[in-house]
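For reference, the chains in residue letters:
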Amino acid sequence: MMMELSAYRDIFIEELNEQLERIDQSLLALEHAPTAELIQTIFRAAHTIKGSASTMGFREMSDLTHEVEYALEWVREKKPEITGNLIDTLFQALDAMKLLRTQYVSGEGFTDCSAVVAEIKALINKPAEPQPVRLPVLTAAELLQAEEAIAAGYSLLSLVVTLREDCQMKAARHYILLQRIEEACGPVIAVALASPAAPGADEDARYSQFAVVAASTREIRQVSEQLAEETDVERIVITPFVPEKSAARTDTQATAESVQAEPRASSAGKEKSHAVQSTVRVSVERLDHLMNLVGELLIEQTSLADLSTAGQRSDPAKVLPDIGSISDHMGGIIKELQEGVMKTRMLPIDQLFNRFPRLVRDLAQKLGKDIELVIQGGETELDRMIIEELSDPLIHLIRNSADHGIESPEVREQRGKAPKGRITLTSFHEENQVVIRLQDDGQGIDAARITASALSKGIITEEQAGYLTPQEAVGLIFEPGFSTASEVSEVSGRGVGMDIVRSQIGRLNGIIDIQTEPGTGTLFTIRLPLTLAIIKGLLIKVSGRVLILPMYNVAEIVRISPEEIQVVQGEQAIINHGRIVPLSWLRDKLHYPRTERHSKTIPLVIVRSVDRIAAFAVDEIIGNQEVVIKSLGAYLGTMNHLSGATILGNGRVALILDASYLVSH
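## Things to note about the overall build of the protein
Then comes step 1: When you go through the protein residue by residue, the secondary structure sums to 21 helices and 22 strands.
Then comes step 2: Across the 665 residues in the protein, those meeting the buried criterion constitute 43%.
Then comes step 3: Long-range contacts, defined as pairs at least 24 residues apart, comprise 71% of the intrachain contacts of the protein with a sequence gap of at least 6.
Then comes step 4: A total of about 34,800 Å² of accessible surface is found on the protein, and carbon and sulfur atoms cover 51% of it.

Printed below as a string of structure tokens:
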């Protein structure tokens, strides 16, 4: 009976990701300081991938890693110089592995990796060979033919035929053998040829090996004996054939496809509709701690039940002190349990940072610059979901630092700097937030140039430009459509995209700041909540409704008199610490009815998101408390001003406002 491998798929992918990451880091280290230990580490990782991929039937990956393993074995034995060409070729193979992994997860057809294999073979002077033949994937028409044959009492066989190397006119011999197979076995249903070794290779070589699916009433032994005397045949491997069914293939698509044109997908293709589940590795110590806390809760639950029974039998007032004591103890356990569960969602940010050394290496090569990446604080833990969403913004910031920040070695030497530029990526905890700093020692950002570019593009007016401080001018790089690039860059695109960074950080309820000094460098500081599942919220009342603002977006709470409200460029505003801050009435923003105000002062919440700030007038400030965010569900439609909801202690639902949307609209 065939083993069901789908249950092990997630485990395989998790291990595959880990080994690919190990190869990536080891190759980077090998480029800087070659050692036999690093070669051995990469070899072991490739060998592990090959074995597990082969077990899962993922032959495209196992074949590629086999070639990488062969190349590393050659390096170990011959001990050649570790050249840039060797490193680049191994990186190409790694990129091909990552692409195959992505296609395996999504269930797509696999990319032909023969070009990468040819590069590896050329590197070690090993002649390229045609890719081994794959069993056909039956089209809808062929699948129907196979099912009819099975219903008529036939069984399906696969025959992989390898012709002798000295066979002349292999294509002609292939067609003759198809007739012999039909005579010895039964109706031929499908045929697949080997892929060529490289574009332009001898087409006749494709027929040196081919696979046939046929319907037969004979046993494998009988078929093998009848074909054993065929000339020009080196070997024939005959096995039972199980057709792959794919619900995603329509009859029209299947008929249009050729079994010779598409490489065979692995068994993962049958699982297209099943997304890979996200997993987090949790230490046994953390799980044991959670189990102990649950045990304590069960004990307290039993104590409450006993007190409830005792209270019913005697005076209930006598047991109230004990109930209060147990309630306090349970509150402490629940808080500790909450923190423990949150920690199970946490991952070290190294899981994200470790992707960037390779990125910086490739950027430096493309730009002709010498750049090093220094990583600090990789052990800082952050919610897995935030880590995944943070990847794109950081990639864009790194690309901009490499392209627009770090100067060329020649320019740096002229300015008295070291030829090698440096990008430093740091993370650490600060209060209930994670702080990520990305700093470069490049040319910095020129506020005057930013202002001029924004004026020319109509992002700001002449009047607005006159009010801008240098810090506010630098912040204009986050405006949509802003660019100072004079030409298109392959690395940073067309100079746009920093507005995407701001919006993505905003969606994570984060804040981003810029500090820059022309000629010295630029520092981006990102502040993020530890988790998006549980937040500390500020409870406010607007038109009789209780709403919640995330505390990490609350910069300040103030009270003002109506006389302090000013009008700047036709809009209401206040002066806060010498800065003009736009003012809105939250009830009007949310289209709530106005209520009568009795107080002489107006409570304001000054809200900050990313690099923007705004003040909102509310009816009442209630206080702050920790809340669990609940999704509103798709059935409510698009409600951009809300990020979720929570249930208060009195059982009522309170809506959680999206600060980033409120500030930017």
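There's more to say after this.
## Here we look at the layout of surface pockets
Then comes step 1: In this structure, the largest pocket occupies an estimated 1,500 Å³ of space.
Then comes step 2: Around the largest pocket, the lining comprises 40 residues; the ones closest to its centre are Glu472, Arg579, Ile580, Pro582 and Ile613.
Then comes step 3: By residue number, the principal contributor to the lining of the largest pocket is strand 17 (residues 579-585), which donates 6 residues.
Then comes step 4: Taken together, the residues that form the lining of the largest pocket break down as 19 nonpolar, 11 polar and 10 charged.

## Description of the confidence of the model for the protein
Predicted coordinates in areas of low pLDDT are best not read in detail.
Then comes step 1: For the protein, mean pLDDT is 81; residues scoring 70 or higher make up 87% of the total.
Then comes step 2: Segment residues 245-277: pLDDT under 50, and 56 contacts once partners within four positions in sequence are set aside and those in other chains are kept.
Then comes step 3: Note on residues 492-496: pLDDT is under 50 here. Beyond four places in sequence and across chains, it has 13 contacts.

## Quick look at the sheet that holds strand 21 (residues 642-647)
What links the strands of a sheet is backbone hydrogen bonding, and the strands pair in either a parallel or an antiparallel sense.
Then comes step 1: A sheet is described by the order of its strands in space; here 5 strands give the open sequence 20-12-13-22-21, paired in mixed fashion. Edge positions in the sheet fall to strand 20 (620-628) and strand 21, since each of these pairs with one other strand and no more. Neighbour-to-neighbour, the strand axes of this sheet turn through a mean angle of 35 degrees, independent of strand direction.
Then comes step 2: Judged from the 2 bridges that link them, strand 13 (residues 545-550) and strand 22 (residues 653-657) form a sheet pairing that is parallel. Residue leucine 547 lies in a different strand from strand 22, and its bridge partner there is leucine 655.

## Structural notes on helix 14 (residues 384-405)
Then comes step 1: An ideal rise of 1.5 Å per residue puts 32 Å on 22 residues; helix 14 measures up with 30 Å between its terminal C-alpha atoms.
Then comes step 2: The principal kink in helix 14, of about 35 degrees, is found at leucine 390, preceding the proline proline 393 by one to four residues.
Then comes step 3: For helix 14, the N-terminal capping position is held by aspartate 383, with its side-chain oxygen 2.9 Å away from the main-chain nitrogen of methionine 385.

## Here we look at the pattern of salt bridges
Then comes step 1: Evaluation of the coordinates by the stated rule reveals 28 salt bridges.
Then comes step 2: Measuring nitrogen to oxygen at the nearest pair gives 3.0 Å for the salt bridge that ties arginine 415 to glutamate 407.
Then comes step 3: Linking glutamate 430 and arginine 527 is a salt bridge whose minimum nitrogen-to-oxygen distance equals 2.5 Å. Of the two residues, glutamate 430 sits in strand 8 (residues 421-430) while arginine 527 sits in strand 11 (residues 521-529), which places them 97 residues apart along the sequence.

## Considerations on helix 16 (residues 447-456)
Then comes step 1: Among the residues making up helix 16, those that are buried are Ala447, Ile450, Thr451, Ser453 and Ala454. Considered in projection along helix 16, the buried side chains sweep an arc of 165 degrees and stay on one side of the axis. For helix 16, the exposed residues lying more than 90 degrees away from the buried face are Ala448 and Ser456.
Then comes step 2: Those residues of helix 16 hidden inside the fold are in contact with helix 17 (462-467) and helix 18 (470-474).
Then comes step 3: The N-cap residue of helix 16 is aspartate 446: its side-chain oxygen and the backbone nitrogen of alanine 448 are 3.0 Å apart.

## Comments concerning the nonpolar core
Then comes step 1: One finds Phe356, Leu390, Leu394, Leu397, Ile436, Ile477 and Phe524 to be the most contacted residues of the largest nonpolar core, which totals 50 residues.
Then comes step 2: At 7 residues, helix 14 tops the list of elements feeding residues into this core.
Then comes step 3: Formed by 41 residues, the second largest nonpolar core is a distinct cluster that contains Met61, Met97, Phe110 and Ile120.

## Digging into the packing of aromatic side chains
Then comes step 1: Inspection of every chain in the model, using the stated rule, returns 6 aromatic pairs.
Then comes step 2: Judged by centre distance (5.5 Å) and plane angle (80 degrees), the ring pair of phenylalanine 12 and tyrosine 104 falls under edge-to-face. Taken together, the residues span a long stretch of sequence, with phenylalanine 12 in helix 1 (residues 9-32) and tyrosine 104 in helix 4 (residues 84-106) at a distance of 92 residues.
Then comes step 3: Relative to phenylalanine 356, the ring of phenylalanine 353 has its centre 6.4 Å away and its plane inclined at 40 degrees; by these criteria the two rings are tilted.

## Details of the packing of helix 14 against helix 19 (residues 498-507)
Then comes step 1: One can describe the packing of helix 14 onto helix 19 by two numbers: an axis separation of 9 Å at closest approach and a directional angle of 150 degrees. Relative to helix 19, the crossing made by helix 14 is left-handed. When helix 14 is examined against helix 19, the residues Leu390, Asp392, Pro393, His396, Leu397 and Asn400 are found in contact with a partner set consisting of Met498, Val501, Gln504 and Ile505.
Then comes step 2: Broken down by class, the residue content of the contact of helix 14 with helix 19 amounts to 6 nonpolar, 3 polar and 1 charged.

## A few points about a nonpolar patch on the surface
Then comes step 1: Side chains of Leu304, Leu320 and Ile323 sit close together on the surface and give an oily, nonpolar patch of about 230 Å² of accessible area.
Then comes step 2: Relative to the assigned elements, leucine 320 resides in helix 11 (residues 316-344).

## What about unusual backbone geometry?
Note on backbone geometry: most residues besides glycine have negative phi, and most peptide bonds are trans.
Then comes step 1: In this model, serine 543 sits at a positive phi of 50 degrees, which is unusual for a non-glycine residue.
Then comes step 2: Residue placement: serine 543 occurs in the loop between strand 12 (534-542) and strand 13.
Then comes step 3: Owing to a relative accessible area of 10%, serine 543 belongs among the buried residues under this scheme.
Then comes step 4: One non-glycine residue, histidine 577, lies in positive phi territory at about 55 degrees.
Then comes step 5: Inspection of the secondary structure assignment puts histidine 577 in the loop between strand 16 (571-576) and strand 17.

How each quantity is defined
Residues numbered from 1 in each chain as written. Predicted model: local features only at pLDDT ≥ 70, side-chain atom pairs only at ≥ 80, totals over all residues. Heavy atoms only, no water. Helix = DSSP H or I, 4+ residues; strand = E, 2+ residues; numbered from the N terminus. Buried < 20%, exposed > 50% of the residue type's maximum accessible area, 1.4 Å probe, protein only. Contact = heavy atoms within 4.5 Å. Areas by Shrake-Rupley, 256 points an atom, 1.4 Å probe, with all protein chains shown as cover. 1 Å grid on protein atoms, 1.4 Å probe; cavity = no way out; pocket = protein on both sides within 12 Å on 5 of 7 lines; lining within 4 Å. Points joined across faces, edges and corners; volume = space filled by probe spheres on them. Nonpolar A, V, L, I, M, F, W, Y, C, P; charged D, E, K, R; others polar. pLDDT = per-residue confidence, 0-100. Pairing = 2+ DSSP bridges. Axes fitted to C-alpha atoms, helices over the stretch in contact; angles between N-to-C directions. Expected span 1.5 Å × (residues − 1). Bend = angle between axes of the 7 residues up to and from the residue. Polar contact = N/O pair within 3.5 Å; in protein donor to acceptor, adjacent residues only side chain to side chain. Salt bridge = Lys/Arg side-chain N within 4 Å of Asp/Glu carboxyl O. Arc of directions from axis to C-beta. Core = buried A, V, L, I, M, F, W, Y, C linked by side-chain atoms within 4.5 Å. Phe/Tyr/Trp six-rings, centres within 6.5 Å; stacked < 30°, edge-to-face > 60°. Left-handed = near helix turned anticlockwise from the far one by under 90°. Patch = residues over 30% accessible without salt bridge, like charges linked within 9 Å, V, L, I, M, F, W, Y side chains within 5 Å.

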